[in-house]
Amino acid sequence: MPPSGSAARAGSGIGGAAPNVWDLHRHSEADWRALFARRPQEAASWIRFAAGKGFRAAQLVLGQMHLDGTGVPCDAGAAYEWFARAAAIGSLEARNMVGRCHELGWGVPVDQAEALRHYRRAAAGGLAWAQYNVGCLLLYGTGVRRDHAEAARHFAAAAATGHAKAIGLLGRCHEEGWGTPVDRAAARACYRRAAEGGDCWGALNLGLLLAEGGRPDEAGPWFETALATATPNCLATLADALDSGRPAGFEGIARRARRALGQGGAEPTRAEPDVAAAPPAVPARAPMRVALAVAAWLCLRRALTAQRGTLPRRSGDLPRLPVRTRVRAGRPGRPQVRRRPSWIPYWR
């Protein structure tokens, strides 16, 4: 039930003890989110009430609340239902979220082709996130036909609206030649715009492009920017890329990325003494096989003594271990003695 009386007048901003239909109609998605941030309990009641009355902005927000489990129980099925209801009455954002549910299996089975159909409908209305999502599905070709040229066109359309992640992937298309000619200068410009817009992948790719071009001094600050804003996947890629030593000189950033991922105890990097990679020296004591051979010989000698009586004793009666020898081709005569038996493995 929606709040009533003084509670509604004090915090909702909707005004009056009873809901006013005109005020509910005027509330946008941003208004509902701001209201929920200020007074979560009262706002959740108002949002459910407005969603039930058919206001698509409230339906979209309520679907996201169910998806995240904020203010209402976490229920992907309920989230999908509210997204579908909002999409049916014209919400492009909700149509994009219906596609997202189909792509990732939130409340419905995974169906990439169905996701692409919903993304295309929202993209046709000019929604940048939907254009970006269409581009991603067509670029990777997971469950749908791969089409790099169309993916690049959708990234360009979203980039024209200032969508940072689409700008970054448009730069990747320019760098790799995916659906567009290779143009490293255009890729660098796109990466810079994406990084300045807060995209961690844009900052990482810009740093790598600058370092590969022989400009490591300019690359360093962008690696730092990527580290500060990176998602877990971006952190892992950053650590792997810089830990390889190409480009060199950024191993410290790689170590910090691994610590951020909770991998502080990982193997030493190139910047540290690589003790684990240096083989330890072979111990000076006789290998176990030699000791076993001596013990076996002594047991055999005792057995022979018991059968035949005492054997003739002589000085230096201890056994001589056989030493493997080999003769090099073309050098007849004295064999070359290998003092270290060949069956001793390299110590690990």
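This section reports on the structure supplied with the text. The structure presented is a predicted model; accordingly, all values stated were derived computationally and were not measured.

1. Topic: helix H8 (residues 112–124)
Here H8 contains 13 residues, and its C-alpha end-to-end distance of 18 Å stays within 8% of the 18 Å for a straight helix at 1.5 Å per residue. Turning to H8, its buried residues number three or more, namely Gln112, Ala115, Leu116, His118, Tyr119, Ala122 and Ala123. Projection of H8 onto a plane perpendicular to its axis shows the buried side chains occupying an angular sector of 165 degrees, all on one side. The secondary structure elements touched by the buried residues of H8 are helix H7 (92–104), helix H9 (128–140) and helix H10 (148–159).

2. Digging into the packing of helix H14 (residues 216–229) against helix H16 (residues 251–260)
For the pair H14 and H16, interaxial distance at closest approach is 11 Å and the crossing angle is 0 degrees. Classified by the angle between their axes, H14 and H16 sit roughly parallel to one another. In this structure, H14 contributes Gly220, Phe223, Glu224 and Leu227 to the contact, and H16 contributes Ile253, Arg256 and Ala257. Here the contact of H14 with H16 is built from residues that sort into four nonpolar, one polar and two charged.

3. Description of the layout of surface pockets
Each pocket or cavity is described by its volume, and for the largest pocket that value is around 620 Å³. Lining the largest pocket are 27 residues, and of these Tyr132, Tyr140, Leu169, Arg172 and Trp201 lie nearest its centre. Among the secondary structure elements, those contributing two or more residues to the lining of the largest pocket are H7, H8, H9, helix H11 (164–176) and helix H13 (200–212). For the lining of the largest pocket, the residue count by class is 12 nonpolar, seven polar and eight charged.

What counts and how
Residues numbered from 1 in each chain as written. Predicted model: local features only at pLDDT ≥ 70, side-chain atom pairs only at ≥ 80, totals over all residues. Heavy atoms only, no water. Helix = DSSP H or I, 4+ residues; strand = E, 2+ residues; numbered from the N terminus. Expected span 1.5 Å × (residues − 1). Buried < 20%, exposed > 50% of the residue type's maximum accessible area, 1.4 Å probe, protein only. Arc of directions from axis to C-beta. Contact = heavy atoms within 4.5 Å. Axes fitted to C-alpha atoms, helices over the stretch in contact; angles between N-to-C directions. Parallel < 35°, antiparallel > 145°, perpendicular 65-115°, else oblique. Nonpolar A, V, L, I, M, F, W, Y, C, P; charged D, E, K, R; others polar. 1 Å grid on protein atoms, 1.4 Å probe; cavity = no way out; pocket = protein on both sides within 12 Å on 5 of 7 lines; lining within 4 Å. Points joined across faces, edges and corners; volume = space filled by probe spheres on them.

Shape descriptors only; they carry no functional weight alone.
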